[in-house]
Amino acid sequence: MAAPPGARPGMLKIFFVSCMGTTLEYYDFLIYGTAASLVFNKLFFPADDPLVGTLLAFAAFGTGFLARPLGGILAGHWGDRVGRRRMLILTLTTMGLSTMAVGLLPTYAVIGVWAPVLLVVLRLVQGLAAGGEWGGAALYGVESAPPDRRAFYGSFTGAGISIGGLLAIAVFAAMNALFPDAMLTWGWRIPFLLGGLLIVVGLVARQGADDVPRQADSGAPPAVPLVTVVRHHPRALLLTFGLSLGYNAIAYIGFSFFLTYAVAVGHSTGESLGAQAVFLTGATVFSLVSGALADRFGRRPVVLVGAVLTGVYLFAFFWLVKNGNPVLFHLAFALASPLTASMKGATPAMIAEQFPATVRYSGASLGYQLGAALGGGLAPTVATLVFVSSGRATWSVPLLGLAVAALVAVCVLGLPETLRRPVAANDERTPQEAWR
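Computed from a predicted model, the values in this text were never measured in an experiment.

This brings us to the overall build of the chain. On a plain count of helices and strands, the chain comes out with 17 helices and zero strands. Per-residue burial for the chain yields a buried fraction of 58% across its 436 residues. The long-range share in the chain, meaning contacts at least 24 apart out of those at least 6 apart in sequence, stands at 86%. In the form shown here, the chain has an accessible surface area of approximately 16,100 Å², with 72% of it arising from carbon and sulfur atoms.

The following block contains the structure:
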C-alpha cells in the first residue's frame, strides 16, 4: 500500500532503496576495477610489460567515468521533473544489463582489437547509469530523513558503495580460491554475470518504494533544471565539484591502485583481496558512524578531519604495505577505513544540502559526477604513472594523495555548514547570495 501524500517512508525501506540498490550498482561498477588489476591486462590489453597492460586496463576503466557527468545531467533533469524513483529504476536496469554483457564478451585472442573496443563501449554505458545513480540514491536518503538525521540517512549511500565493493571482492576471492586455474579462461566472467542477475534484488526494493515527498519544494521545477543550477548556484556547483574530485581520487586510488601495488611488492592476490575486504568492512560501518557524527557536530568538521588525516596517513600506509609483515599489511587497510569513510558518509548530505529541492538532483549529480569523472576516472591511471615515473618510490603516490586531500579541505572550508539549516533554505536564495 502506498504511503499517504507527504508521509515519510520508514528507515528500513529508505535503507534498502538508498543503500541496497547502490550496493548492486557499485558491485557492477567496481568489479571492473578488480578485474582490471587481475585479468583484463592480460585478456583485453596484452602487452610485454604487465604494468603497461595494467595501465591500459585502467585507462579503459577511466572511459566509464567520462560518461558519468552526462548520466548525471540526464538523470538529474528527469529526476527533478518526474521524481527520483523512476530514475533509480532506470539506472539500476541499465547497469545490470551492461555488466552482464561484459561477462559475455569474447577476448582479444578471439576477436582482436574489437574486444577492447566493445569493452570500452560497455564501460561508457555503465558510466551513464552510475552517473545518475549516486545523486538519486543520496537524495532519496537525505530528503526522506527526519530533519535531525539527514546526514545519517544520506550515509546509506556511502555504506552501499562499500558493500558493493565488498561483494565484488568476495566473489573474485571465491572464484580465485575455488577455481584458481580458471580465472584467465572463464572464471572472471562469473562476477559480471552475477552482477547482471542481482539487479532483481534492487528492482524489487525500488519498485515497491514510494517517491520522495515534495513538501520541501518551493514550486514547480524549472523547464531545464541544469540551467538554473549553473546560473543561480555556481559557487555550490564549483565547490561540490572540487570536493567530489578530491574524494573520488582518494577512493579510487584506494580501491584500484592499492590492489595493484600490493601485488607488485610481493603480496599474493588472495592476501591483497583479504586486506581490501578488511578495509571495505570497516568503511561500511564507519560510513554510518560518519553520517551520525555529521548530524551532531556538522558536515564540515567530519569531512575536513577525514581529508586531513587521510592525506597524512597515506605515507604510513605505503610503508606498512611494503614492509612485508602480513599483520602490518592488514593493519594498514584497517586503519585507512575510518579515515576515508568519514568523507564517504558525510559527503552525500553535504552536497545535497547545497541546492534547492527543485534542482537538487541536477545540482548534486552534476557537481558530484564532474568530480568523479576527473578524480575517480583518472586517479588509478595517474597513480600508476606517478609510481612508475618516480622509480616506484613509496612517497610518490602518497604525495599525490596529500594534494587531493588538500583540495577536499579547501572546498569543504568554502562550503557553508548546513547542519542546522532547513533543507528547503536554499529555495529562497537569490542569485547574488549563491556566490556567498
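So, about helix 13 (residues 269-297). For helix 13, with 29 residues, the first-to-last C-alpha span of 40 Å sits near the 42 Å given by 1.5 Å per residue. Immediately beyond the C-terminal end of helix 13, within one or two residues, lies G298, with a positive phi of roughly 115 degrees.

Glycine aside, negative phi is the norm for most residues, and most peptide bonds take the trans geometry. In the Ramachandran plot, R392 falls in the positive-phi region, its phi being about 60 degrees despite a non-glycine side chain. Using a relative accessible area of 43% as the deciding quantity, one classes R392 as partly exposed.

So, on to the side chain of R150. Among the secondary structure elements, R150 is positioned in helix 7 (residues 150-178). What makes R150 buried here is its relative accessible area of 5%. Of note is the side chain of R150, whose polar atom sits 3.4 Å from the backbone oxygen of P147. A polar contact of 2.6 Å, which involves the side chain of R150, links it to the side chain of E353.

This brings us to the environment of Y32. Relative to the elements of secondary structure, Y32 occurs in helix 1 (residues 11-43). Taking the relative accessible area as the measure of exposure, Y32 reaches 0% and is therefore buried. For the pair Y32 and R123, spaced 91 residues apart in sequence, the C-alpha separation works out to 8.9 Å.

In the structure shown here, the tally under the stated rule is six salt bridges. Close ionic contact of R360 with E143 constitutes a salt bridge, the shortest N to O distance being 2.8 Å. Highlighted residues: R360 in helix 16 (residues 360-389) and E143 in helix 6 (residues 114-144), separated in sequence by 217 residues. The exposure classification of R360 matches that of E143, with both residues buried. Linking R299 and E353 is a salt bridge whose minimum nitrogen-to-oxygen distance equals 2.8 Å. Placement of the pair is R299 in helix 14 (residues 299-322) and E353 in the loop between helix 15 (326-352) and helix 16, with a sequence separation of 54 residues. Neither residue differs from the other here; R299 and E353 are each classed as buried.

Moving on: the packing of aromatic side chains. By the definition in use, this model includes 11 aromatic pairs. When the centroid spacing of 6.3 Å and the interplanar angle of 65 degrees are considered together, the rings of Y313 and F317 count as edge-to-face. With a gap of four residues between them, Y313 and F317 both fall in helix 14, about one helical turn apart. Note on accessibility: Y313 and F317 belong to one class, buried.

Next up on the list: the environment of A283. In this structure, A283 sits in helix 13. Excluding its chain neighbours within four sequence positions, the residues that come into contact with A283 are S162, S337, A341 and K344.

In the predicted model, the chain carries a mean pLDDT of 83, and the fraction of residues at 70 or more is 87%. Counting contacts from residues 1-6, a segment whose pLDDT is below 50, to residues more than four positions away or on other chains yields four contacts. Note that residues 427-436 has pLDDT below 50 and, in this model, 17 contacts with residues that lie over four places away or in other chains.

Attention now moves to the packing of helix 6 against helix 15. Between helix 6 and helix 15, the shortest axis-to-axis distance is 10 Å and the interhelical angle comes to 85 degrees. It follows from the interaxial angle that helix 6 and helix 15 lie roughly perpendicular. On helix 15, the residues that touch W134, A138, L139 and V142 of helix 6 are P348, A349, I351 and A352. Residues of the contact of helix 6 with helix 15, tallied by class, amount to eight nonpolar, no polar and no charged.

It is worth spelling out a nonpolar patch on the surface at this point. The grouping of Y108, V113, W114, V117, L118 and V121 at the surface amounts to a nonpolar patch, some 550 Å² of accessible area in total. Top contributing element to the nonpolar patch by residue count: helix 6, with four residues. Relative to the assigned elements, W114 resides in helix 6. With relative accessibility at 55%, the residue W114 sits in the exposed group.

All right, on to the nonpolar core then. Counting residues in hydrophobic clusters, the biggest one holds 74 residues, and the most contacted among them are L243, F257, F258, V303, F317, V321 and F333. Ranked by residue count, the leading element in this core is helix 12 (residues 234-264), at 14 residues. The residues touching F317, leaving out its near neighbours within four places in the chain, are F258, A332 and F333. A36, V39, L43 and M175 belong to the second-largest nonpolar core, a separate cluster that totals 23 residues.

Cut-offs used in this document
Here the residue numbers are simple positions, counted from 1 along each chain's written sequence. Reporting of local features is limited, given that this is a predicted model, to residues whose pLDDT is at least 70; pairs of side-chain atoms are given and counted only at 80 or more, and all residues count toward the totals for whole chains, interfaces and linings. The side-chain numbers reported here are obtained from all heavy atoms of the structure, hydrogens and water having been left aside. The helix and strand labels rest on DSSP assignments: H or I over at least four residues marks a helix, E over at least two residues marks a strand, and numbering proceeds from the N terminus. The classification of residues rests on relative accessible area computed with a 1.4 Å probe and restricted to protein chains. Under 20% of the type maximum is buried, over 50% is exposed, and intermediate values are partly exposed. Contacts between residues were defined by any pair of non-hydrogen atoms, one from each residue, lying within 4.5 Å. For the area figures, the Shrake-Rupley method with a 1.4 Å probe applies, and any residue is considered shielded solely by the protein chains shown. A helix is expected to span 1.5 Å for every residue after the first. The term polar contact refers here to a pair of N or O atoms within 3.5 Å; inside protein, the definition further demands a hydrogen-donor-capable atom paired with an acceptor-capable atom, and it admits residues adjacent in sequence only when both atoms are side-chain atoms. By salt bridge we mean one thing: a side-chain nitrogen of Lys or Arg within 4 Å of a carboxyl oxygen of Asp or Glu. Between the rings of Phe, Tyr and Trp (Trp by its six-membered ring), a pair exists once the centres lie within 6.5 Å; its type follows the angle of the planes, with under 30 degrees stacked, over 60 edge-to-face, and the other angles tilted. Residue-level confidence of the predictor is summarised by pLDDT, bounded by 0 at the bottom and 100 at the top. Think of each axis as a best-fit line through the C-alpha atoms, taken over the contacting stretch in the case of a helix, with angles from 0 to 180 degrees between the N-to-C directions. Oblique is the label for any angle not covered by the other classes, which are roughly parallel (under 35 degrees), roughly antiparallel (over 145) and roughly perpendicular (65 to 115). For this scheme, ten residues count as nonpolar: Ala, Val, Leu, Ile, Met, Phe, Trp, Tyr, Cys and Pro. Four count as charged, namely Asp, Glu, Lys and Arg, and the remainder, Gly too, count as polar. The residues that make up patches have over 30% relative accessible area and no salt bridge, and they are joined within 9 Å when like-charged or within 5 Å when they are Val, Leu, Ile, Met, Phe, Trp or Tyr. Residues belong to one nonpolar core when they are buried, are Ala, Val, Leu, Ile, Met, Phe, Trp, Tyr or Cys, and are joined through side-chain atoms within 4.5 Å.

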